[in-house]
Amino acid sequence: MDKPDAFSAPVLIQDMSADLWNSATVVLETNWAHDHMVPSRRLYPHQWSWDAAFTAIGLAYVNPTRAWRDLRSLFEAQWPDGRVPHIVFDPRTAEGDYFPGPAFWDVPAYGRRAARGSTGLVQPPLHAVAVWEVYRRASAHGADCAHEAGEQLKWLYPRLVAQQDYLSLHRDAAGTGLASIVHPWESGLDNSPSWDSAMAGVPADMNLLVRFQRRDLEVADAAHRPLDIDYARYLGLVLTYRDRGYSDTDLAERHGFVVECPAFNAILAAAELTLAHIAAVVGADPRRHVERARCITTAISQRLWDAESRTFRSRDLRTGQLSPARAINGMVPLILPGLPEDQAAAIMAEAASPRFGLPETTGLPVPSFDRTSPDFDTLRYWRGPIWINVNWLLRRGMLVHGYRVEAEDLRTAMIRLIEESGHYEYFHPKSGEGIGAPTFSWTAALSLDLLADQAVPASARAT
Ligand code: GLC
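Treat the numbers as computed from the prediction; the structure is a model and nothing was measured.

Section: the packing of helix H6 (residues 143-170) against helix H12 (residues 262-282)
Inference 1: The interhelical angle for the contact between H6 and H12, taken along N-to-C directions, is 145 degrees, at an axis separation of 10 Å. Considering the relative orientation of H6 and H12, their crossing is left-handed. Across the interface between the two elements, Leu-153, Lys-154, Tyr-157, Leu-160, Gln-164, Leu-167 and Ser-168 of H6 pack against Phe-264, Leu-268, Ala-271, Glu-272, Leu-275, Ile-278, Ala-279, Val-281 and Val-282 of H12.
Inference 2: Residues belonging to the contact of H6 with H12 are distributed by class as follows: twelve nonpolar, two polar and two charged.

Some points on the nonpolar core
Inference 1: Trp-105, Phe-257 and Met-398 are the most contacted members of the largest nonpolar core, which has 149 residues in total.
Inference 2: Structurally, this core is a two-domain feature, drawing no fewer than three residues from each of domain 1 (1-30 + 353-463) and domain 2 (63-170).
Inference 3: Beyond its immediate stretch of four places on either side in the chain, Met-398 contacts Leu-334, Met-348, Leu-358, Tyr-403, Glu-406, Ala-407 and Leu-410.

Some points on the site of the ligand
Inference 1: All residues adjacent to the ligand are Pro-39, Tyr-44, Trp-48, Trp-50, Asp-51, Gln-123, Gly-188, Asp-190, Tyr-381, Trp-382, Phe-440 and Trp-442.
Inference 2: Measuring from an oxygen atom of the ligand, one finds a side-chain N or O atom of Asp-51 at 2.6 Å.
Inference 3: Gly-188 has a polar backbone atom sitting 2.6 Å from an oxygen atom of the ligand.
Inference 4: Surface burial for the ligand is 97%, taken as the share of its 310 Å² of free accessible area covered by protein chains.

Side note on the environment of Ala-149
Inference 1: Examined against the element boundaries, Ala-149 turns out to sit in helix H6.
Inference 2: On the basis of relative accessible area, Ala-149 is assigned to the buried category, the value being 1%.
Inference 3: Note: C-alpha distance between Ala-149 and Leu-399 (250 residues apart in sequence) is 26 Å.
Inference 4: Apart from the residues within four sequence positions on either side, Ala-149 is in contact with Trp-68, Tyr-135 and Ala-138.

A closer look at the packing of aromatic side chains
Inference 1: With the rule as written, the count across this model stands at 27 aromatic pairs.
Inference 2: With a centroid separation of 6.1 Å and 75 degrees between ring planes, the pair formed by Trp-21 and Tyr-61 is classed as edge-to-face. Linking Trp-21 in helix H1 (residues 18-30) with Tyr-61 in helix H2 (residues 49-62), this pair joins segments that are 40 residues apart in sequence.
Inference 3: The exposure class of Trp-21 is buried, given its relative accessible area of 15%.
Inference 4: Note on Trp-79 and Tyr-246: the rings are 5.6 Å apart at their centroids and 85 degrees apart in plane angle, and the pair reads as edge-to-face. Note that Trp-79 is positioned in the loop between helix H3 (64-76) and strand E4 (87-88) and Tyr-246 in the loop between helix H10 (228-243) and helix H11 (251-254), a separation of 167 residues in sequence.
Inference 5: Taking relative accessible area as the criterion, Trp-79 reaches 10% and is therefore assigned buried.
Inference 6: An aromatic cluster is defined as three or more aromatic residues linked by ring pairs; in this entry it consists of Tyr-44, Trp-48, Trp-50, Phe-54, Tyr-98, Tyr-381, Trp-382, Trp-387, Trp-392, Tyr-426, Phe-440 and Trp-442.
Inference 7: Lying over the aromatic face of Trp-155, Arg-72 brings its terminal NZ or CZ to 4.0 Å of the ring centre.

Section: helix H17 (residues 404-421)
Inference 1: Taking 1.5 Å per residue, 18 residues should reach 26 Å; H17 reaches 26 Å between its end C-alpha atoms and fits that length.
Inference 2: All buried positions along H17 are accounted for by Ala-407, Glu-408, Asp-409, Leu-410, Arg-411, Ala-413, Met-414, Ile-415, Leu-417 and Ile-418.
Inference 3: Its buried side turned inward, H17 meets H1, helix H15 (359-362), helix H16 (388-400), strand E9 (426-427) and helix H18 (441-452).
Inference 4: The first or second residue beyond H17 is Gly-422, which carries a positive phi of 110 degrees.

Regarding the pattern of salt bridges
Inference 1: Throughout the structure, instances matching the rule amount to 33 salt bridges.
Inference 2: Close ionic contact of Arg-380 with Asp-377 constitutes a salt bridge, the shortest N to O distance being 3.4 Å.
Inference 3: Measuring nitrogen to oxygen at the nearest pair gives 2.9 Å for the salt bridge that ties Glu-408 to Arg-411. One end of the pair is Glu-408 and the other is Arg-411, both in helix H17 and three residues apart, which spans about a single turn. Each member of the pair Glu-408 and Arg-411 is classed as buried.
Inference 4: When salt bridges with common partners are traced through the structure, they connect Glu-133, Arg-136, Arg-137, Arg-395, Arg-396, Asp-449 and Asp-453 into a single cluster.

With respect to the confidence of the model for the protein chain
For any part of a model where pLDDT is low, the fine detail of the predicted coordinates should not be relied upon.
Inference 1: Per-residue pLDDT for the protein chain has a mean of 92; in total, 93% of the residues score no lower than 70.
Inference 2: In the model, residues 6-14 has pLDDT below 50 throughout and makes 26 contacts with residues more than four positions away in sequence or in other chains.
Inference 3: Throughout residues 456-463 the model reports pLDDT below 50, and contacts reaching past four residues in sequence, or to other chains, amount to six contacts.

About the thresholds
- Residues numbered from 1 in each chain as written.
- Predicted model: local features only at pLDDT ≥ 70, side-chain atom pairs only at ≥ 80, totals over all residues.
- Heavy atoms only, no water.
- Axes fitted to C-alpha atoms, helices over the stretch in contact; angles between N-to-C directions.
- Helix = DSSP H or I, 4+ residues; strand = E, 2+ residues; numbered from the N terminus.
- Left-handed = near helix turned anticlockwise from the far one by under 90°.
- Contact = heavy atoms within 4.5 Å.
- Nonpolar A, V, L, I, M, F, W, Y, C, P; charged D, E, K, R; others polar.
- Core = buried A, V, L, I, M, F, W, Y, C linked by side-chain atoms within 4.5 Å.
- Buried < 20%, exposed > 50% of the residue type's maximum accessible area, 1.4 Å probe, protein only.
- Domains from an automatic or database assignment.
- Near = heavy atom within 4 Å.
- Polar contact = N/O pair within 3.5 Å; in protein donor to acceptor, adjacent residues only side chain to side chain.
- Areas by Shrake-Rupley, 256 points an atom, 1.4 Å probe, with all protein chains shown as cover.
- Phe/Tyr/Trp six-rings, centres within 6.5 Å; stacked < 30°, edge-to-face > 60°.
- Lys NZ or Arg CZ within 6 Å of the ring centre and 35° of its normal.
- Expected span 1.5 Å × (residues − 1).
- Salt bridge = Lys/Arg side-chain N within 4 Å of Asp/Glu carboxyl O.
- pLDDT = per-residue confidence, 0-100.

Next comes the structure, spelled out in C-alpha cells:
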C-alpha cells in the first residue's frame, strides 16, 4: 500500500494554545462520570458509542487510563451478537433525565449487563481507530502506560472484531458488501437531509408523541432540534425494530428504513485497516482485515457514487435510489487510502465549492450540509451547522490523499473556531457562534488532538 492509512500520521506535539488545551481538559474532567464520559451533562447524561471513540482520541493525551476505561465500559455492554450499542445507560441517571431511556428500549437482559443496560441500535464503528490512537500515544506516558496499553489491546481486539463481524454479516442487508443502518440515529448524523427521502416512506404516527414525552425540547432550543414529524418517525422505527427483538433477519423486506451511508461504511473500512495494525501487535493475522477494507472501499466507490454529480450519497435499499441530498457524509470516504484518486479529487472539489466552502473562502470549517440547498438550515442539527467530529475526519482524509495545505487550513480553522466560541456541540455555519450543548466532550477531546497533531510544519506552508 503506497499511501499512509488515515490514522498513522506522525505525532508532533507543538503549537499548543495553553488556554484552549486547559479549557478542553476542564470539559473532559467535568463530563467524566465514574467509569465513562458523558457527551454533555444535561442533554446526554449517558454514554454514547462513537462519542466514546472521539473522546478517547483526546483523552489519550491527558489521561490514557480514562481513555481505556471509557472504551472498556462501552465494550462491556457489547451484545452477544457483537453489536456495540449506541447508548449505554448509566443506572445512576434517573429514567426521567433522558428520553428515550431504558424503559422505552426494553432491551432483554444479556451478558453481564442488567436489562436496562443499553439501546439496540449502533453507531459508526470508529472504536478500532480510537483504540489504535490511544495505544500509539501511550508510550509517551512511560513504561507503565505502555504495558497497560498492550494489555488493553489484547482485551479489545476480539471485541472489535466481533463488532465488525456483526456489521459486515448481520447488517449487509442486500448482500452488497456494505453495512446498512436501520435508523438515522445509527449514522451519528441523526437529522441530516441525507435521510429525508428514505424517511419520507416511514409512517409518522403522531400519537407516539402523546404516548411519549420528548425531553430534548426541555433542555434544548426547539429551533435546533428535529421536527415532531421526524421525531414520531424516529420513535416508530425503534418500536418496530424493538418489537421484532432487534433482529436483523430480512431487514430489507420488513424494516421501514434500511440505508447504506457512505460515512458509516468508510468508517467500517477504516476500522478494518486499523485492525490490521492491531492484529500485528497482538499476534493475529492482519490479512483478513486488509482484504475486508479493500472490499468495503470498492463497494463504497461503486455503489454510493453518483457519477453525474460526482459525489457520494446514501442509498435507500427499499427504493434502490441514491439520496438527492449532498451532505457531509459524502465526504468521509476520503479517509480511505484505497479510494480512487479521481473520487478523492471530486470530494475535494465539492468541499471547496460554494456548497461547502473550505476555510480558504469562508474562514470556517465545512458545514454539515450544502449551503446552497433550500433545505440548508443554520440552526437545526446536522442540517447546516458545523460539527468538529466530521471535520476532524475530513482533515484526516486530506492528509491521507496528500492535500496537506488544505488539511492544515482546516486544522487551524477548527482550532480558531473553538478558541473563539468554546467547546460547543456544533456551530452556526455563518457566524461561527456556538450552539447546542456548551461543554461538549468530543469537541474538547478533538481540540486536544488538533492542537497536538500538527502534521504540516508551518515552514512548509510557504512552498
Ligand atoms: C446527537 C448526535 C450524535 C451523538 C449524540 C451524543 O444525537 O447526533 O452523533 O452521538 O448526540 O453526543
